[in-house]
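Fold and contact review
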Amino acid sequence: MSAPAPPARRLRIAVLNRHFGYRFGGAERYAAAVVEELAARHEVHVFAQEIEHAFPGVTYHRISRPMAKPRWINQLWFAFETWRQTRRGFDVVHSHENTWHGDVQTVHVRPFKVGLFHGRHGFRRGLKWLSLWTSPRLMTYWCLEAARFRLRSHKHIVATSDQVMTETLQAYPDTAACMHVIAPGVNLPTAQASQPESRQQLGLPQTVPMALFVGNDYAKKGLGTLLEALAKVPALHVAVVGNGQQIASFQKRALQLAVTDRVHFLGSLPDVTPAYCAADLLVHPTTEDTYAMVVLEAMAYGLPVIVSGLPYCGIAADLTSDLEVLVLDDPWDAHALAIQIQRLVSNPQLRHQLQTAGRQFACERSWLSVSQQYDALMLIETKQPRGFGRPLQDR
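Anyway, here's the lowdown on the structure attached to this text. Bear in mind that the values here come from a model prediction, so they are computed numbers and not experimental data.

Let us look at the pattern of salt bridges. In total, this model carries 14 salt bridges according to the counting rule given. Among the salt bridges present, the one from Arg-199 reaches Asp-280, with a minimum N-O distance of 3.0 Å. Highlighted residues: Arg-199 in helix α7 (residues 195-202) and Asp-280 in the loop between α10 (273-278) and β13 (281-284), separated in sequence by 81 residues. We note a salt bridge from Lys-221 to Asp-289, for which the minimum N-O separation is 3.0 Å. Taken together, the residues Lys-221 in the loop between β10 (210-214) and α8 (223-230) and Asp-289 in the loop between β13 and α11 (293-300) connect sequence positions 68 residues apart. One exposure class covers both Lys-221 and Asp-289, and it is buried.

So this is what it looks like as C-alpha cells:
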C-alpha cells in the first residue's frame, strides 16, 4: 500500500517527550526521527526536560524539573507543565508520555495497568489492588494512564507494534475505534566508515569476530545470557553499547565467566553508527521489547541478527527465522544462543543470506513513510472539533 500524501496545510505541532534525543532509548529515537521528518513540512515544537538534539526548523522548549525524584511526582509535573504550555496555539499536540492531553498519543510500552496485574491471580492479584490503593506513586501512574486513554472524538492512539496494540486493547478495549499501529522506521546509511576504521575509533581489536549488543537495560535486554553464551564460543568478542551505570555489575559477571578480555564495554554512545560498522553481527536476546528498533537499524547496516522471538520481542512478528534473522525461542537459554552464534560465525553463506534479506526488510521501512502516516492522522485531527480550546492556526 502506498504511503499517504502529506497534508497541504502547514501545521503547528507540539511534541511531548521528557527525554528527547537518540541516546536515551528506542522510544526517544522514534520520537526524534519522526520530528525530523515532520519538520520538513510543518512547524514543530519539542517540549522536553532533557534535550540532546538539534535539527533545523525545530523549536525546543525546556520544561523545568524542580525535583527529578521521586519519578512519579516529576511525571505529574511534566504532564501539568506541558498541558499549561500547549493548551493554546497548536493545531496538534503529539504526546509520547503519560499525559491527559494530546490529540495523538503514541504508546511505546506495555500499559501500566497490564504490567501491574500481569500473571497475578487470586490472592496475589488482591495484594496488587491493595498496593495500588495505598500507594500515591502507583495511583498517580494509574490515573495518568487512564486519562491518557480516555476517549475524545478527535483523539488518535498510536501503538508502535502489534504487541503494544494488543496489550493496550486488553487494558482499554474502548480505544479500538481510535487505535492505529505505526511501527518504527529506519534511515538507511549512505556513507559508512570501514570496519578497521570504526574499530580503531572505538578501541576494539581488529582481527577477531565481533558481536554487538545495544541496550540501556542490560539485564532486560539479555546481556547476562549473552555473556554465558560467549563462554561457549571461543574467539568471539562482544562490544556492549548502552547505559554506563550498569557496567560494573556485568564486568563482575564477565570475570566470573572468564570472558573479561573478550567483552568491551563502550558505554552510552551519542551515535551508534561506528558500533554498527565495527561489528560482524548483532545479538539481541531481549526478554522484553515491544519492538526493538536496534534490530531494524542493524539490518539497515547489513549486519546479520540473532533476536528473541515472540512474545519477548515485537519485531519478531514481522520476521522469518533463518531468512531475515535467526530467532532465539528462549532468551534465557545460553546454550541455544551459543549454537546460533556459532552457526553465524562458521557459515559465510548463512551470514550473506541474512545480510541480504535483512537489508531488504529495512529498505521497505523508512522514517519518511512513518511520518507520512502521522501526517494522515494529523490531517484528520485538524478537521475535527477542537479540544481544550486550542484554535487552529491559519498558516
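Moving on, there is more to tell.
Look at the link from Lys-69 to Pro-70: it is a cis peptide, with omega at 0°. As for its placement among the helices and strands, Pro-70 is situated in the loop between β5 (58-62) and α2 (71-86). Omega for the bond connecting Leu-310 with Pro-311 falls within 30 degrees of zero, at 5°, which places this linkage in the cis form. Note that Pro-311 resides in the loop between β14 (305-308) and β15 (326-328). The backbone phi angle of Ala-235 is positive, close to 80°, even though this residue is not glycine. If you trace the backbone, Ala-235 turns up in the loop between α8 and β11 (237-241). One non-glycine residue with positive phi stands out, namely Asp-322, at about 70°.

A few words now on the packing of α8 against helix α9 (residues 247-256). As a packed pair, α8 and α9 sit with axes 10 Å apart at the nearest point and diverge in direction by 25°. The angle between α8 and α9 falls in the class roughly parallel. The chirality of how α8 crosses α9 is right-handed. From α8, Leu-223, Gly-224, Leu-227 and Glu-228 reach across to α9, where they touch Phe-250, Arg-253 and Ala-254. Tallied by class, the residues present in the contact of α8 with α9 amount to four nonpolar, one polar and two charged.

What follows is about α9. Taken residue by residue, α9 has Ile-247, Phe-250 and Ala-254 as its buried positions. Relative to the axis of α9, the buried residues are bounded by an arc of 75° and lie together on one face. Exposed residues on α9 whose side chains face more than 90 degrees from its buried face are Lys-252, Leu-255 and Gln-256. On its buried face, α9 sits against α8 and β12 (263-267). Ala-258 sits one or two positions beyond α9 and adopts a positive phi of about 60°.

Turning our attention to the sheet that holds strand β8 (residues 156-159). Across the sheet, seven strands lie side by side as β5-β3-β1-β6-β7-β8-β9; this open sheet has parallel pairing. Taken across any chain shown, the strands that pair with only one partner, and hence form the sheet edges, are β5 and β9 (179-181). When the angles between neighbouring strand axes are averaged without regard to direction, this sheet yields 20°. As paired elements, strand β7 (residues 104-107) and β8 share four bridges and run parallel to each other. Residue Gln-105 lies in a different strand from β8, and its bridge partner there is Ile-157. Helix-sheet contacts for α2 involve β1 (12-16), β3 (43-48) and β6 (92-95), and the interaxial angle to β3 is about 150°.

Between its first and last C-alpha atoms helix α12 (residues 334-346) spans 18 Å; for 13 residues at 1.5 Å apiece the expected length is 18 Å, and the two agree. Turning to α12, its buried residues number three or more, namely Ala-334, Leu-337, Ala-338, Gln-340, Ile-341 and Leu-344. The buried residues of α12 occupy one face: seen down the axis, they fall within an arc of 165°. For α12, exposure combined with an orientation more than 90 degrees from the buried face picks out His-335 and Ser-346. Elements in contact with the buried residues of α12: α8, β13, β14, β15 and α13 (348-363).

With that out of the way, let us pick up the sheet that holds β13. Taking strand neighbours across the sheet as the criterion, the six strands line up as β12-β11-β10-β13-β14-β15 in an open arrangement whose pairing is parallel. The sheet is open, and its two borders are formed by β12 and β15, each paired with just one other strand. On average, each strand axis in the sheet is inclined to that of its neighbour by 25°, with strand direction left out of account. Here β11 pairs with β12 via four bridges, running parallel. Across the sheet, Val-240 pairs through a bridge with Phe-265, a residue of β12. Packing against the sheet, α12 makes contact with β13, β14 and β15, and its axis sits at approximately 170° to β15.

Rules and cut-offs
Residues numbered from 1 in each chain as written. Predicted model: local features only at pLDDT ≥ 70, side-chain atom pairs only at ≥ 80, totals over all residues. Heavy atoms only, no water. Salt bridge = Lys/Arg side-chain N within 4 Å of Asp/Glu carboxyl O. Helix = DSSP H or I, 4+ residues; strand = E, 2+ residues; numbered from the N terminus. Buried < 20%, exposed > 50% of the residue type's maximum accessible area, 1.4 Å probe, protein only. Axes fitted to C-alpha atoms, helices over the stretch in contact; angles between N-to-C directions. Parallel < 35°, antiparallel > 145°, perpendicular 65-115°, else oblique. Left-handed = near helix turned anticlockwise from the far one by under 90°. Contact = heavy atoms within 4.5 Å. Nonpolar A, V, L, I, M, F, W, Y, C, P; charged D, E, K, R; others polar. Arc of directions from axis to C-beta. Pairing = 2+ DSSP bridges. Expected span 1.5 Å × (residues − 1).

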